[in-house]
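Examining the three-dimensional arrangement
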Amino acid sequence: MSQADTSAAAPTLASSGRDRRLHPRKEFVRLCKVQRTGDVRFEPGETTNISAGGALIRVAGLQPMRPGQRIRVGVAWESRGVLESGSLLPARVVRVVPIDHHHQAVAIQYDRPMSEQAPLTLQQAKREPASLAA
C-alpha cells in the first residue's frame with residue numbers, strides 16, 4: 001500500500017475547529033478487507049486509525065468509493081491473514097480522499113459502535129501499541 005500522506009482525510013472538524021467525533025481515535029495499522037454491498041469481491045486495505053464508531057482505511061482498487069456507499073469491513077485484529085465472513089462489520093462510507101491511481105483513503109462509520117459488535121477486538125486495539133501490518 002502507498003504510504004502517502006492521508007492526514008487530509010483524518011480530521012473531521014466542525015466549523016468551530018473542534019473534532020466532531022463521538023469516540024476517541026487510536027492509531028492502529030492492520031490489514032483489512034472491504035466488500036461493497038452487492039459485490040462478491042473483496043478489496044484489500046489497511047487501517048490507519050480506528051475508534052469504536054469507525055475507521056480510516058487505505059483501500060486498494062481502481063473503482064473509487066463514494067460517500068454514503070454501504071460496505072462491510074473485516075480487520076485482521078490479531079494479524080491473521082484469513083478473516084471469516086462473520087467477522088465483517090457493516091458500515092457506511094463517510095469520506096473518500098484519493099491517494100494515487102490505485103489507492104484511496106476511506107473514512108467509514110460503523111452501523112453500530114464497535115463496542116456493541118465486537119467488544120474483545122476493540123479492547124485489544126486499546127491495549128496494543130500502534131503497529132505496522134506485515
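In this text, all values refer to a predicted model and were calculated from it rather than measured experimentally. Within each chain, residue numbers correspond to sequence positions counted from 1 in written order. Residue-level local features of this predicted model are given only where pLDDT is at least 70; pairs of side-chain atoms are given and counted only at 80 or more, and the full residue set underlies all totals for whole chains, interfaces and linings. Computation of side-chain values covers all heavy atoms of the structure but excludes hydrogens and water.

Bringing the side chain of Thr-47 into the picture now. Helix and strand labels come from DSSP, where a helix needs a run of H or I of at least four residues and a strand needs a run of E of at least two; each type is numbered from the N terminus. Its location among the elements puts Thr-47 in strand 3 (residues 43-50). Of the polar contacts made by the side chain of Thr-47, one reaches the backbone oxygen of Phe-28; its length is 2.5 Å. Contacts: residue pairs with any heavy atoms within 4.5 Å of one another. In this structure Thr-47 touches Phe-28, Val-29, Arg-30, Cys-32, Leu-56, Ile-57 and Val-75, once residues within four positions along its chain are discounted. In protein, a polar contact means a hydrogen-donor-capable atom and an acceptor-capable atom, both N or O and within 3.5 Å, with residues adjacent in sequence counting only if both atoms are side-chain atoms; elsewhere, any N or O pair within 3.5 Å suffices.

Each salt bridge in this description consists of a side-chain nitrogen of Lys or Arg and a carboxyl oxygen of Asp or Glu lying within 4 Å of one another. Tallied over the entire structure, the rule returns 4 salt bridges. With a closest N to O distance of 2.4 Å, Glu-43 and Arg-36 form a salt bridge. With a 1.4 Å probe rolled over the protein chains alone, any residue whose accessible area is under 20% of its type maximum counts as buried; one over 50% counts as exposed, and the rest are partly exposed. Classification of Glu-43 as buried rests on a relative accessible area of 12%. Looking at Arg-36, the relative accessible area reads 5%, which means it is buried. Here Arg-70 and Asp-111 are joined by a salt bridge, their closest N and O atoms 2.5 Å apart. Of the two residues, Arg-70 sits in strand 5 (residues 70-75) while Asp-111 sits in the loop between strand 7 (103-110) and helix 1 (114-117), which places them 41 residues apart along the sequence. We classify Asp-111 as partly exposed; its relative accessible area is 41%.

The buried count for strand 7 comes to 7 of 8 residues, which makes it a mostly enclosed element. Where strand 4 (residues 54-60) meets strand 7, 7 bridges bridge the pair, whose relative direction is antiparallel. Bridge assignment links Arg-58 to a residue of strand 7, and that residue is Ala-105. Note that strand 6 (residues 89-100) and strand 7 share 8 bridges and pair antiparallel. For Val-96, the partnering residue across the bridge sits in strand 7 and is Val-106. Taking the residues between adjacent antiparallel strands as the criterion, strand 6 and strand 7 are bridged by 2 residues. Should DSSP find at least two bridges between two strands, the strands are taken to pair.

This part is about the packing of aromatic side chains. A pair of aromatic rings is counted whenever rings of Phe, Tyr or Trp (Trp by its six-membered ring) have centres within 6.5 Å, and the orientation is called stacked for planes under 30 degrees apart, edge-to-face for over 60 and tilted otherwise. Under the criterion given, the structure shown has 0 aromatic pairs. Ring-over charges, as used throughout, are those where CZ of Arg or NZ of Lys falls within 6 Å of the ring centre and within 35 degrees of the ring normal. The ring centre of Phe-42 lies 4.2 Å from the NZ or CZ of Lys-33, which sits over that ring.

Only buried Ala, Val, Leu, Ile, Met, Phe, Trp, Tyr and Cys residues count toward a nonpolar core, and they belong to the same one when joined by side-chain atoms within 4.5 Å. Judged by nonpolar contacts, the single largest core of 19 residues is most densely connected at Ile-57, Met-65, Ile-71, Val-73, Ile-108 and Tyr-110. Among the elements of the structure, strand 2 (31-36), strand 4, strand 5, strand 6 and strand 7 are those that each provide at least two residues to this core. Sequence-distant contacts of Val-73, that is, excluding residues within four places in its chain, are made with Lys-33, Val-34, Ile-57, Ser-87, Leu-88, Leu-89 and Ile-108.

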